[in-house]
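Topology and contacts: notes
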Amino acid sequence: MSHTAHIPSHRKPRQRTSKSALRAGVAGGVLSTIAVAGAAGPAQAEPVTQTIEMPTITSGLSTAVAASAQATQQVALDLETQAHEDAAAESAAKKAKKAKAEAVRKAEAEKKAEAAAKARAEAEAKERAERASRTAERTTLSAPSSSSSDNSSSAPASSSAPSSSSNATGSAAAIVAFAKAQVGDAYISGGTGPNAWDCSGLVQAAYRTAGIDLPRVSQSQSTAGTQVSLDNLQPGDILYWGGAGSAYHVAIYVGGGEFVGAQNSSTGTVQRSMDYDRPSGAVRVL
């Protein structure tokens, strides 16, 4: 037996050879495929030097966008126009309403003015009629027969009557006539005529028609002449209420137990009986 006899190995057989062959076959197939594909292409390929334009799909899109923008702008313009028209209509309506209100106001003002003018005309006509009546009454009372009538209706004359009875009668008649002619006039504090009086203003004006100037206020008028009894009054005597020198009201005795005086703002100038408001005393100036 040879000393070089083969001793069997216990290692497993290697499989690298079969794997290497498989890998080589796969690689060769791939390379063959690439070679065939290269052979099927154009023999001489030129590099691309031309820009290929894409289809102009944006042109239609931009047109649509432009149309939409134009439509939107038109809508905005329409809305703005409508807003202006609405504002103009509202302004016109307000102006019309204001003009109508102004026309109504003017019509009412004219109506009131016409009514006021009519009232003034009626008042003036009434005042003219009253003045005419007063003038006629004054003329009648100034006549001698009127003086005699007044004297006969008055209380008996006192011993302090003026010596010249004819002159006293004439002056008294003028004073009484003036006082009666003012009946119906208004009462105004501080009034001195011709259509509104206070008590002392009326007495002063009545005596002025006889040429006699009296003090302006009732306190002074109550001591302007000789004190007389209320039982011995004569037409033209001054009646007073309150104390002599401190009287708060005066009037003129017109005979027949009556007086004429500017009483107050409610009654105005009136002719009343002495029983209506009994005076405190009397003074004779004539």
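Residues numbered from 1 in each chain as written. Predicted model: local features only at pLDDT ≥ 70, side-chain atom pairs only at ≥ 80, totals over all residues. Heavy atoms only, no water.

Sheet architecture is open: six strands sit in the order β3-β8-β4-β5-β6-β7, paired in antiparallel fashion. If you trace the sheet from one side to the other, it starts and ends with β3 (226-228) and β7 (268-273), each paired once. Neighbour-to-neighbour, the strand axes of this sheet turn through a mean angle of 35°, independent of strand direction. Where strand β5 (residues 249-255) and strand β6 (residues 258-264) come together, three bridges link them in antiparallel fashion. (Pairing = 2+ DSSP bridges. Helix = DSSP H or I, 4+ residues; strand = E, 2+ residues; numbered from the N terminus. Axes fitted to C-alpha atoms, helices over the stretch in contact; angles between N-to-C directions.)

This model, assessed by the stated rule, comprises four salt bridges. In this structure, the salt-bridge partner of Arg-105 is Glu-102, at a minimum N-O distance of 2.5 Å. Taken together, the positions of Arg-105 and Glu-102, both in helix α2 (residues 57-142) and three residues apart, correspond to about one turn of that helix. We classify Arg-105 as partly exposed; its relative accessible area is 45%. (Salt bridge = Lys/Arg side-chain N within 4 Å of Asp/Glu carboxyl O. Buried < 20%, exposed > 50% of the residue type's maximum accessible area, 1.4 Å probe, protein only.)

Cis geometry is adopted by the peptide bond preceding Pro-194, which originates at Gly-193 and carries an omega value of 5°. Note on placement: Pro-194 falls in the loop between β1 (186-187) and β2 (196-197).

Moving on to the nonpolar core. Of all hydrophobic cores here, the largest spans 21 residues; its most connected members are Val-203, Ile-238 and Ile-252. Those elements giving two or more residues to this core turn out to be α4 (165-181), α5 (199-208), β4 (238-241), β5 and β6. Those residues in contact with Val-203 that sit more than four places away from it in its chain are Leu-214, Gln-221, Ile-238, Val-250, Ala-251 and Ile-252. Residues Leu-233, Phe-259, Met-274 and Ala-282 belong to the second largest nonpolar core, which totals nine residues. (Core = buried A, V, L, I, M, F, W, Y, C linked by side-chain atoms within 4.5 Å. Contact = heavy atoms within 4.5 Å.)

Turning our attention to the pairing of β6. Within β6, five of the seven residues are buried, which leaves the element mostly enclosed by the surrounding structure. Here β5 hands over to β6 after two residues, with Gly-256 in that stretch at a positive phi of 70°. The pairing of β6 with β7 spans six bridges and is classified as antiparallel. Residue Ala-262 lies in a different strand from β7, and its bridge partner there is Thr-269.

Let us look at the confidence of the model for the protein chain. Within the protein chain, residue pLDDT values average 76, and 63% of them lie at 70 or more. Within the protein chain, no element has a lower average pLDDT than helix α3 (residues 144-153), which sits at 40, and none a higher one than β4, at 98. Contacts from residues 137-168, a stretch scored under 50 in pLDDT, to residues over four places away or in other chains number 38 contacts. (pLDDT = per-residue confidence, 0-100.)

Looking now at the side chain of Gln-204. Checked against the element boundaries, Gln-204 lands in helix α5. On the accessibility criterion, Gln-204 (12% relative accessible area) is buried. Among all residues touching Gln-204, those that are not within four sequence positions of it are Leu-214, Pro-215, Arg-216 and Gln-221.

Looking now at α5. The α-helix advances 3.6 residues per turn, and as a result positions three or four apart in sequence lie on the same side. α5 sits mainly inside the fold: nine of its ten residues count as buried. Here α5 has its buried residues at Cys-199, Ser-200, Gly-201, Leu-202, Val-203, Gln-204, Ala-205, Ala-206 and Tyr-207.

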